[in-house]
Every structure is written in C-alpha cells, then in structure tokens.
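The chain contents come next:
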Amino acid sequence: LAALNTAPIAAAVAALHLTMSDSCPVAPGRPCDTPSILADVVGLTSARLARLDLGVCLLLAARGEAAVLHATGGYLGYSEAQPLHRAAGWWCAGQSALHSLAYFFFYLRAGGAASLWQACFPAPLPDGSLNRLGLVNFMGVVAIAVCGPLALSALPLVRRRCYHAFQRRHM
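Residues numbered from 1 in each chain as written. Predicted model: local features only at pLDDT ≥ 70, side-chain atom pairs only at ≥ 80, totals over all residues. Heavy atoms only, no water.

Student: What should I look at first to understand the overall build of the protein chain in this one?
Tutor: Per the secondary structure count, the protein chain includes seven helices and zero strands. When the elements of the protein chain are put in sequence order from the N terminus, they spell out α-α-α-α-α-α-α. Evaluated residue by residue, the protein chain yields a buried proportion of 29% over its 171 residues. The long-range fraction of contacts in the protein chain, counting pairs at least 24 apart against all pairs at least 6 apart in sequence, stands at 54%. A total of about 10,700 Å² of accessible surface is found on the protein chain, and carbon and sulfur atoms cover 69% of it. (Helix = DSSP H or I, 4+ residues; strand = E, 2+ residues; numbered from the N terminus. Buried < 20%, exposed > 50% of the residue type's maximum accessible area, 1.4 Å probe, protein only. Contact = heavy atoms within 4.5 Å. Areas by Shrake-Rupley, 256 points an atom, 1.4 Å probe, with all protein chains shown as cover.)

What follows is the structure, encoded as structure tokens:
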C-alpha cells in the first residue's frame, strides 16, 4: 500500500519536465513557473490516489454477502481486513491533505489571496456568472473539514481513550 501511494507521486515529480507548458491553467496565455506546475502535478496525482485509497477502505469495511471479504471464500475475515482498512484510511487522509495543500499553494502562488478565494469558494465571478471551479473546490474544503476531525479521532491515543467519539464520527 505504501508503494502504491508513493511511487505515482515520485514518478509524476520525476517526469515534471515533460508536463511543462506555456499556458498556465489559472492565467491562460501566461506561463506557469516550476513550483506551480509541481504543485499542480502533485495535487492531481494525490487526488487520484486518495480516491483509490477511499475505495479500498470502503470495500474492506463492507460487511455481509456483498462484501469483498465474502468473495475470498472465508480466508479473509473482517478482523483480518481491519489493519488494511486502517492503513488505507490513513493513506486516504494523507493524500487528501497533500492534495489540499498542493492546490492551496498553487492558487496562492498563481494570483495571491484573491485567486485562492475565487478558486476555493463559490464566490461569483467578476462577470456575475456561476463560479463552477469555486463550487467544486468548495466541496473539497468541506471534505477536508470533515476528514480532519475523523482523522484526529482515529489516532490510536484518542481512539483508545474515547472510542465512542471515534465510532460516532466514523459511522
């Protein structure tokens, strides 16, 4: 699972020179600098990995005959899948945080606080039209706000002392 989550990011960063373009996605027609492109590549790769980790995490948590565990013919039970579920959950939270930080840096570097505000919140565009990018990215802001307390309650020290709080946030 560790190699699955680190190798794609390392490969994307290593191939960074292949993704250089003369058009910045935030300011079309203006070239992006290397740190901005690096943040964009890392942000995009980490988002895809977070989705993969979330899928693994949810598949391993499912119970009943629809569960992946049922397909193993009884060789893999819920208690055996729990460590992998936990690892996939932590990788998902980590990749989500990396994605958020990369794009926070990307939009801040591209146009300062105004660019960050417009890209991450559904504020109306200057021409009055719907800010689709801000609306989509705002869902990510909400997701990281929900994921943060979930991850904090899943820390082993917190989970052992306040299992009921962890369980309520988890379900």
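Next comes the rest of the write-up.
Student: Mind showing me how you'd approach the environment of V42 here?
Tutor: Tracing the backbone through its elements, the reader meets V42 in helix α2 (residues 34–61). Residue V42 is classed as buried on the basis of its relative accessible area of 14%. Once residues within four sequence positions are removed from consideration, V42 is found in contact with V13, L98 and A102.

Student: Before we go on, may I ask you to explain the nonpolar core in this structure?
Tutor: Soluble globular proteins tend to pack their nonpolar side chains together in the buried interior. Grouped together as the largest cluster of nonpolar side chains are seven residues: A39, Y103, F106, Y107, L116, A119 and C120. In terms of residues, this core owes the most to one element, helix α4 (residues 78–120), which gives six residues. Dropping the residues within four chain positions of it, C120 is found in contact with Y107, G134, N137, F138 and V141. Grouped together as the second largest cluster of nonpolar side chains are five residues, A12, L16, I37 and V41 included. (Core = buried A, V, L, I, M, F, W, Y, C linked by side-chain atoms within 4.5 Å.)

Student: Which parts of the structure should I look at to understand the side chain of Q95?
Tutor: For Q95, the position within the fold is in helix α4. Using a relative accessible area of 3% as the deciding quantity, one classes Q95 as buried. When near neighbours in sequence (up to four residues on either side) are disregarded, Q95 contacts N5, I9, S46, L49, A50 and D53.

Student: Could you clarify how one ought to interpret the environment of A15 in this entry?
Tutor: Checked against the element boundaries, A15 lands in the loop between α1 (2–14) and α2. When the C-alpha positions of A15 and V41 are compared, they lie 9.7 Å apart, and in sequence the two are 26 residues distant.

Student: Where do I start with the environment of S36 in this structure?
Tutor: Tracing the sequence through the fold places S36 in helix α2. Sequence-wise, S36 and Y103 are 67 residues apart; in three dimensions their C-alpha atoms are separated by 9.0 Å. In contact with S36, other than residues within four places in its own chain, are F106 and R109.

Student: What's the story with a nonpolar patch on the surface in this structure? I'm lost.
Tutor: On the surface, W90, L152, L155, L157 and V158 cluster together into a nonpolar patch covering about 440 Å² of accessible area. Within the secondary structure, L157 sits in helix α6 (residues 156–161). (Patch = residues over 30% accessible without salt bridge, like charges linked within 9 Å, V, L, I, M, F, W, Y side chains within 5 Å. Salt bridge = Lys/Arg side-chain N within 4 Å of Asp/Glu carboxyl O.)

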